[in-house]
Amino acid sequence: MGNSTAIQITLAAALLTAFLFAKTGSFDEANKELKAKIALAEKLQRLGSSLDMKEASNKDSATGGGQSFNRNDGNSFTSDTTYHSYVWDYCLNWIGNRVCERWLDPYVAMHGMTAERSPLEAAVAQAWMANEKKVSPEQYKIWNVKAEGSVTDVDGKLDRGGLSKWELTSDVKKQVEQVGTNTANRQMSLTYDEDAEERKGNTMPNMESLRTMASRWTKMFRNRLVTVQGETRSAQQPIQFMLGEDKADCDAYLIDLKRDPDPMGVEERIRVQPLLDPLTRAEDLERRYNLCIQMKRQSVYAVNPTIQGDQVKPGSKEAEAIDSWRIRANIAAIDYAGIDPNSLPKPSKLALSKEDISSDVADYEVGGKEYQINRQTNAEQIGTYNQAVADSAARVKALSVLSPNLPSNDKEVNQWQIKTGSMNLVELNGLTPEMKQELKGTRHPAAEGNASPPQAPERDLETTPMELTVKAAH
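Being a predicted model, the structure only gives us computed values, none of them experimental. (Residues numbered from 1 in each chain as written. Predicted model: local features only at pLDDT ≥ 70, side-chain atom pairs only at ≥ 80, totals over all residues. Heavy atoms only, no water.)

Q: Explain the confidence of the model for the protein chain here, please?
A: Any region with low pLDDT has predicted coordinates that should not be read closely. Mean pLDDT over the protein chain: 87, with 88% of residues reaching 70 or higher. Low pLDDT, under 50, characterises residues 2–25; the stretch is placed with 66 contacts to residues that sit more than four places away or in other chains. Across residues 450–454, where pLDDT falls below 50, the model places 5 contacts with residues more than four positions away in sequence or in other chains. (pLDDT = per-residue confidence, 0-100. Contact = heavy atoms within 4.5 Å.)

Set out below in structure tokens:
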């Protein structure tokens, strides 16, 4: 939503190296171990199917009653962080069907103004209504902005094409972050057993639960980005198919066009959307529909895809709007952990600061009791982890020299280093191979061998908005 901090993806709480454990014991011990595995698997499945963490590509997101997933992105429909908004300007009140008296800006949830709202939708909508009259060269309602000319167009709408800065104001950003913090804390409390001592707040939840949360929310964030990217592209001329959760694909827009058309019968558009661009108005509806399908099939990495004749081709990076570029940079930052988003093709007037691409990380002292908060980029976090792995390997090698009975397995330790761009953050934040192996023999979807081929939603990421919408629909 024009938030400069959206690109801040924190790596999982702990990146674990491999250790060897000797296992001995009686049948009773083995039985206890199996029961413990099953209990853990059931806990993780309950966590994964909770209202705040349902996600359509994960098998543990059991549907239950009512609508479970958003139709456009496959995220939880009833989560506290559910967010249903359009990426296009929505007219709240037409005057004479040709002049809009009040526009609802892109990325502001209309649900936030109704009883059917999530805490996140409410926080943003209420802030927007409180700041609706604030428009200046430095602030447009709930955003800090910067543009060479006017920040609005002739209709009074935000002119995204001319923006070189677009980020939530600090007050609104804090409100949004608080919703996320509250959701995470509540979800974390569900990971404890009912009579567990750790409920008193003195113990961290098990690492499997933390990784499940980190991976799932990273995937859900990516889902939202991919969906918004497709909807932004489909809204451009000469298509102007205005999509959203209630109009998840090009066909759904045609249905809505019949249900709520232009009241004057002049333009082939839904009533609440802006008037069509002259180039769009000159096109027939069938061609616009075909172009919409093409646009939804474009790669998430495509640079500013535009209509050229009857095809969609890469457009000028200089003409790419600020939100479209940031969405593309966010997706790449998730898919290739540690890369520099500024290295991607982008408009020359736009850049991400160190603040934009870094996040708060707790740096614990030896022993784990004292820590300090540092801001680090993903690349810096991976670098710190790799150095820790290298130090561990060096200590293992040194010990093997001192004692001939200890094997020198420093190479095995070093293999756990992470090469920049080699993994996506959904997988990196998720269960480790060792954790999945520990779940073997249970019904948890991540258990090795439980599916053929093994289910891997953390690796099988959608590469086009069309693919995500189709998966969400099913």
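Q: What's the story with the packing of helix H2 (residues 119–130) against helix H3 (residues 170–189) in this structure? I'm lost.
A: Angle between the axes and distance between the axes: these two values describe a pair of packed helices. Running from amino to carboxyl end, H2 crosses H3 at an angle of 170 degrees, the nearest separation of the two axes being 9 Å. Classed by the angle they form, the pair H2 and H3 counts as roughly antiparallel. Contacts from Pro119, Leu120, Ala123, Val124 and Ala127 of H2 reach H3 at Val172, Gln175, Val176 and Val179. (Axes fitted to C-alpha atoms, helices over the stretch in contact; angles between N-to-C directions. Helix = DSSP H or I, 4+ residues; strand = E, 2+ residues; numbered from the N terminus. Parallel < 35°, antiparallel > 145°, perpendicular 65-115°, else oblique.)

Q: How should the pairing of strand S6 (residues 305–308) be read in this particular structure?
A: Two faces, one strand: in a regular strand the side chains alternate between the faces of the sheet. Pairing geometry for S6 and strand S7 (residues 311–314), over 4 bridges, is antiparallel. Bridging across to S7, Gln308 finds its partner in Gln311. Two successive antiparallel strands, S6 and S7, enclose a turn made up of 2 residues, where Gly309 displays a positive phi of approximately 70 degrees. (Pairing = 2+ DSSP bridges.)

Q: Would you mind going over the packing of aromatic side chains with me for this structure?
A: Each pair of aromatic rings is reported with the distance of its centres and the angle of its planes. A full pass over the atoms with the stated rule returns 9 aromatic pairs. Considering the side-chain rings of Trp94 and Trp103, the 5.7 Å spacing of their centres and the 75 degrees angle between planes classify their relative orientation as edge-to-face. Taking the relative accessible area as the measure of exposure, Trp94 reaches 14% and is therefore buried. Looking at Trp103, the relative accessible area reads 9%, which means it is buried. Taken together, the ring pairs connect Tyr107, Tyr140, Trp143 and Trp166 into an aromatic cluster. The ring of Trp103 is capped by Lys157, whose NZ or CZ atom sits 5.1 Å from the centre of that ring. (Phe/Tyr/Trp six-rings, centres within 6.5 Å; stacked < 30°, edge-to-face > 60°. Buried < 20%, exposed > 50% of the residue type's maximum accessible area, 1.4 Å probe, protein only. Lys NZ or Arg CZ within 6 Å of the ring centre and 35° of its normal.)

Q: Can you help me understand the pattern of salt bridges in this one?
A: Any two side chains of opposite charge can pair, so long as their charged atoms come close to each other. Tallied over the entire structure, the rule returns 32 salt bridges. Across the salt bridge formed by Asp256 and Arg259, the nearest N and O atoms sit 2.7 Å from each other. Of this pair, Asp256 and Arg259 both sit in helix H5 (residues 250–259), 3 residues apart, roughly one helical turn. Owing to a relative accessible area of 11%, Asp256 belongs among the buried residues under this scheme. A relative accessible area of 61% means that Arg259 is categorised as exposed. Shared partners join several salt bridges into a network, and the residues in it are Glu55, Lys219, Arg222, Asp335, Glu462, Glu467 and Lys471. (Salt bridge = Lys/Arg side-chain N within 4 Å of Asp/Glu carboxyl O.)

Q: What is the right way to look at the sheet that holds strand S4 (residues 143–147) in this model?
A: Spatially, the 3 strands line up as an open sheet ordered S3-S4-S5, and their pairing is antiparallel. Two strands bound the open sheet, and with one partner strand each, they are strand S3 (139–140) and strand S5 (163–168). With 2 bridges connecting them, S3 and S4 associate as antiparallel partners. Bridged to Gln139 within S4 is Asn144.

Q: I'm lost on the nonpolar core in this one. Help?
A: A general trend in soluble globular proteins is that nonpolar side chains are found buried together. The biggest cluster of nonpolar side chains holds 72 residues, and the ones touching the most others in it are Trp88, Ile142, Trp143, Trp166 and Phe241. Counting 7 residues, the second-largest nonpolar core is a separate cluster that includes Leu40, Leu431, Met435 and Ala447. (Core = buried A, V, L, I, M, F, W, Y, C linked by side-chain atoms within 4.5 Å.)

Q: For this particular structure, what's the right way to read H2?
A: Residues three or four positions apart in an α-helix share a direction because the helix packs 3.6 residues into each turn. With 12 residues, H2 ought to run about 16 Å at 1.5 Å a step, and its terminal C-alpha atoms sit 16 Å apart, in line with that. Those residues of H2 that fall on the buried side of the exposure criterion are Leu120, Glu121, Ala122, Ala123, Val124, Ala125, Ala127 and Trp128. Where the residues of H2 are buried, they touch strand S1 (90–95), strand S2 (99–104) and H3. (Expected span 1.5 Å × (residues − 1).)

Q: Looking at this model, I keep getting lost on the environment of Ser215. Mind explaining?
A: With respect to the element layout, Ser215 can be found in helix H4 (residues 207–234). Owing to a relative accessible area of 12%, Ser215 belongs among the buried residues under this scheme. Taking the C-alpha atoms as reference points, Ser215 and Glu427, separated by 212 residues in sequence, lie 6.6 Å from one another. Excluding its chain neighbours within four sequence positions, the residues that come into contact with Ser215 are Val426, Asn429 and Gly430.

Q: Mind showing me how you'd approach the environment of Lys146 here?
A: If you trace the backbone, Lys146 turns up in strand S4. On the accessibility criterion, Lys146 (51% relative accessible area) is exposed. Through-space distance from the C-alpha of Lys146 to that of Lys165 is 4.8 Å; in sequence the pair is 19 residues apart. Excluding residues within four positions of it along the chain, Lys146 makes contact with Pro137, Gly162, Leu163, Ser164 and Lys165.

Q: Would you take a moment to explain the state of the cysteines for this structure?
A: Should the sulfur atoms of two cysteines be covalently bonded, the bond is a disulfide. Following the criterion strictly, the structure yields 2 disulfides and no others. In this model, Cys250 is linked to Cys292 through a disulfide, with the two sulfur atoms separated by 2.1 Å. Sign of the S-S torsion, about -85 degrees for the bond between Cys250 and Cys292, identifies this disulfide as left-handed. Of the two residues, Cys250 is situated in helix H5 and Cys292 in helix H7 (residues 285–296); the sequence distance between them amounts to 42 residues. (Disulfide = S-S within 2.5 Å.)

Q: Whenever I open this one, helix H9 (residues 378–402) confuses me. Can you help?
A: The terminal C-alpha atoms of H9, which comprises 25 residues, lie 37 Å apart, in line with the 36 Å expected from a rise of 1.5 Å per residue. Turning to H9, its buried residues number three or more, namely Asn378, Gln381, Ile382, Tyr385, Asn386, Val389, Ala393 and Ser400. Against helix H8 (322–335), strand S8 (358–364), strand S9 (371–377), helix H10 (410–414) and helix H11 (425–428) lie the buried residues of H9.

Q: Help me understand unusual backbone geometry in this model?
A: In most cases, non-glycine residues show a negative phi, while peptide bonds are predominantly trans. In this structure, Pro238 follows Gln237 across a cis peptide bond, with omega equal to 5 degrees. The residue Tyr107 is not glycine, and still its phi comes out positive at about 75 degrees. Residues other than glycine seldom take positive phi values, yet Gln240 does so here, at roughly 55 degrees. Relative to the elements of secondary structure, Gln240 occurs in the loop between H4 and H5. Since its relative accessible area comes to 7%, Gln240 is described here as buried.

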